[in-house]
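Topology and contacts: notes
Below, each chain spelled out in residue letters.
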Amino acid sequence: MRLLIVEDEKRLALSLAKGLTAEGYAVDVVHDGREGLHRASESAYDLIVLDIMLPGMNGYRVCSALRAAGNEVPILMLTAKDGEYDEAEGLDTGADDYLTKPFSYVVLVARVKALLRRRGSAGASPVLTLGGLRMDTAARRVHLDGSEVTLTAKEFTVLEQLAVRAGEVVSKADILEHAWDFAYEGDPNIVEVYISALRRKLGAGLIKTVRGAGYRLEATR
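Quantities reported herein were computed from a predicted structural model and do not represent experimental measurements.

**Considering the packing of helix 7 (residues 172-179) against helix 8 (residues 190-202)**
- For the pair helix 7 and helix 8, the least separation of the axes is 10 Å and the interaxial angle reads 90°. Considered as vectors, helix 7 and helix 8 are oriented roughly perpendicular to each other. Of the residues in helix 8, those touching helix 7 at Lys-172, Ile-175 and Leu-176 are Ile-190, Val-191 and Glu-192.

**Section: the side chain of Arg-67**
- Checked against the element boundaries, Arg-67 lands in helix 3 (residues 59-68).
- Looking at Arg-67, the relative accessible area reads 16%, which means it is buried.
- Within the local environment of Arg-67, its side chain forms a polar contact with the backbone oxygen of Gly-94, the two atoms lying 3.0 Å apart.
- Residues contacting Arg-67, with those up to four places away along its chain left out, are Glu-72, Val-73, Pro-74, Ile-75, Thr-93, Gly-94 and Asp-96.

**As for the sheet that holds strand 9 (residues 147-149)**
- On the basis of which strands lie adjacent, the open sheet formed by four strands has the order 6-7-8-9 and antiparallel pairing. At either margin of the open sheet sits one strand with a lone partner, and together these are strand 6 (127-130) and strand 9. The average undirected angle you get between the axes of adjacent strands in this sheet is 25°.
- Here strand 7 (residues 133-136) pairs with strand 8 (residues 141-144) via four bridges, running antiparallel. Paired with Asp-136 across the strands is Arg-141, a residue of strand 8.
- Contacting strand 6, strand 7 and strand 8, helix 6 (residues 153-163) crosses the sheet at an angle of about 110° to strand 7.

**Let's talk about the nonpolar core**
- Residues Val-142, Leu-159, Leu-202 and Leu-217 are the most contacted members of the largest nonpolar core, which totals 25 residues.
- For this core, the secondary structure elements donating two or more residues are strand 6, strand 7, strand 8, helix 6, helix 7, helix 8 and strand 11 (214-217).
- Residues in contact with Val-142, not counting those within four places in the same chain, are Leu-133, Arg-134, Met-135, Ser-147, Glu-148, Val-149, Leu-151, Phe-156, Leu-159 and Leu-202.
- The next biggest cluster of nonpolar side chains, apart from the first, holds 20 residues, and it includes Leu-4, Ala-40, Leu-54 and Val-62.

**Things to note about the sheet that holds strand 5 (residues 97-100)**
- Spatial ordering of the open sheet is given by 2-1-3-4-5, a layout of five strands whose pairing is parallel. Of all the strands in the sheet, just strand 2 (26-30) and strand 5 have a single pairing partner and so form its edges. Here the average twist between neighbouring strands, direction ignored, is 20°.
- Where strand 4 (residues 75-79) lies against strand 5, four bridges are found, and the strand directions are parallel. Bridge pairing in strand 5 links Leu-78 to Leu-99.
- Sheet strands touched by helix 2 (residues 33-42): strand 1 (2-6), strand 2 and strand 3 (47-51). Its angle to strand 1, the strand with the most contacts, is close to 160°.
- Packed onto the sheet, helix 3 meets strand 3 and strand 4 and runs at close to 165° relative to strand 4.

**Remarks on helix 1 (residues 10-22)**
- With 13 residues, helix 1 should cover 18 Å at 1.5 Å per step; its first-to-last C-alpha distance of 18 Å lies within 8% of that length.
- The positive-phi residue at the C-terminal boundary of helix 1 is Gly-24, with phi of around 105°.

**Looking at the pairing of strand 2**
- Burial analysis of strand 2 places four of its five residues in the buried class, which makes it a mostly covered element.
- Two strands pair when backbone bridges link them, and strand 1 and strand 2 are joined in this way by five bridges, in the parallel orientation. Pairing of Val-6 across the sheet is with Val-30, part of strand 2.
- Running through helix 1, the crossover from strand 1 to the neighbouring parallel element strand 2 is right-handed.

**Some thoughts on helix 8**
- Compared with an ideal rise of 1.5 Å per residue, which puts 13 residues at 18 Å, helix 8 spans 18 Å between its outermost C-alpha atoms and is within 8% of the ideal.
- Those residues of helix 8 that sit buried are Val-191, Ile-195, Ala-197, Leu-198 and Leu-202. Considered in projection along helix 8, the buried side chains sweep an arc of 160° and stay on one side of the axis. Along helix 8, the residues that are exposed and aim more than 90 degrees away from the buried face are Val-193 and Arg-200.
- One or two residues past the end of helix 8 sits Gly-203, with phi positive at roughly 105°.

About the criteria used
Residues numbered from 1 in each chain as written. Predicted model: local features only at pLDDT ≥ 70, side-chain atom pairs only at ≥ 80, totals over all residues. Heavy atoms only, no water. Axes fitted to C-alpha atoms, helices over the stretch in contact; angles between N-to-C directions. Helix = DSSP H or I, 4+ residues; strand = E, 2+ residues; numbered from the N terminus. Parallel < 35°, antiparallel > 145°, perpendicular 65-115°, else oblique. Contact = heavy atoms within 4.5 Å. Buried < 20%, exposed > 50% of the residue type's maximum accessible area, 1.4 Å probe, protein only. Polar contact = N/O pair within 3.5 Å; in protein donor to acceptor, adjacent residues only side chain to side chain. Pairing = 2+ DSSP bridges. Core = buried A, V, L, I, M, F, W, Y, C linked by side-chain atoms within 4.5 Å. Expected span 1.5 Å × (residues − 1). Right-handed = clockwise from strand over helix to strand, strands pointing away. Arc of directions from axis to C-beta.

As structure tokens, this is what we get:
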């Protein structure tokens, strides 16, 4: 899943991005409200972590603008303010949750996961099943023919991109966009490394290579 952090405290933003990346998310970071609104409007995100006190445009206005445009992405607001009025104002603009600084990183991760689960329960099932493969995207667990398969956070994210589009060809660019962050400038062949790792763990026949186009997840059982 792809997250956007809009936070002008650069050390905090980068710390959150590092932690959430380790959790298996692709994370983009911007430090200005206007840039945050532009990025959120132009790209598809699964959740936005949005500070209130931002240069250019504050978080209230960013949230209001997104909701006015029909963008229903879950928004977790962050602020150094404290008080019922501030919380009510944040939620009134369309935010889904609210966290006051200083906060525990563990609590933030729990809130992020809860919002993503809530979004999943309102739409597609968090459990993806394809033949003998079963992926629980909420619990982040994978079973093959009834036996649990241990995947790294990034392996799970790559497999998830294939599973949600099972039977379709998913390009390397699509996988990079959703499994790595917006600013990734490394070797795009990193995708092949993770595909190879998944084949070793899940069997060579599950993920097919479509030459010149990408990869397709197929039911073989």
